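# Observations on chain architecture
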Amino acid sequence: MNVLDELYHGRITEDEAYDFVESIIDSDDAPQIRELSGMNPAEYTAFGHGAGLKNVATWRHEGWPKVCGRCSKPIEPEAYGWLIHEMSDGTRTLKHIECPPP
């Protein structure tokens, strides 16, 4: 199952998406969780760092954050070098591991 597509398009609920991922984690197939859930490496990394399935599904379909949530400078999701950052309003975005100097 491509859990992010299913969630984004409303074919499964967020709870069902987490149940599916947890069922893989609790199985003998846990080493293949990324492949079995349909996530690419960046998506799985973001999920593993706490982005949440709904966030990652939205980023897949609507575009990943392009600026750092801490310093507002450009960030390249495909180049890694980022962590998940929770904004004051509770939304999640990306931040540089080390923000570039001004």
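The preceding data block contains the structure.
Conventions used here
Residues numbered from 1 in each chain as written. Predicted model: local features only at pLDDT ≥ 70, side-chain atom pairs only at ≥ 80, totals over all residues. Heavy atoms only, no water. Helix = DSSP H or I, 4+ residues; strand = E, 2+ residues; numbered from the N terminus. Buried < 20%, exposed > 50% of the residue type's maximum accessible area, 1.4 Å probe, protein only. Contact = heavy atoms within 4.5 Å. Areas by Shrake-Rupley, 256 points an atom, 1.4 Å probe, with all protein chains shown as cover. Lys, Arg positive; Asp, Glu negative; His and termini not counted. Charge placed at Lys NZ, Arg CZ, Asp CG, Glu CD. Salt bridge = Lys/Arg side-chain N within 4 Å of Asp/Glu carboxyl O.

The secondary structure content of the protein chain amounts to five helices and two strands. Evaluated residue by residue, the protein chain yields a buried proportion of 31% over its 102 residues. Sequence-distant contacts in the protein chain: of pairs separated by 6 or more residues, those separated by 24 or more amount to 45%. Counting every atom, the protein chain has about 6100 Å² of accessible surface; 50% of that belongs to carbon and sulfur. Counting 9 positive and 18 negative side-chain charges, the protein chain places the averaged centre of each group 10 Å from the other.

Let's shift gears to the pattern of salt bridges. In the structure shown here, the tally under the stated rule is five salt bridges. Residues Asp-5 and Arg-60 are paired through a salt bridge, measuring 3.0 Å at the closest nitrogen-oxygen approach. Residue Asp-5 is found in helix α1 (residues 3–8), and its partner Arg-60 is found in helix α5 (residues 53–62); the two are separated by 55 residues along the sequence. Relative accessible area serves as the criterion here: at 23%, Arg-60 is assigned to the partly exposed category. A single salt-bridge network, built from bridges that share partners, covers Asp-5, Glu-43 and Arg-60.

Attention shifts here to unusual backbone geometry. Positive phi, close to 65 degrees, is recorded for Ser-72, a residue that is not glycine. Structurally, the position occupied by Ser-72 is in the loop between α5 and β1 (82–86). Positive phi, close to 60 degrees, is recorded for Tyr-80, a residue that is not glycine. Along the chain, the position of Tyr-80 falls in the loop between α5 and β1. Given a relative accessible area of 36%, Tyr-80 falls into the partly exposed group.

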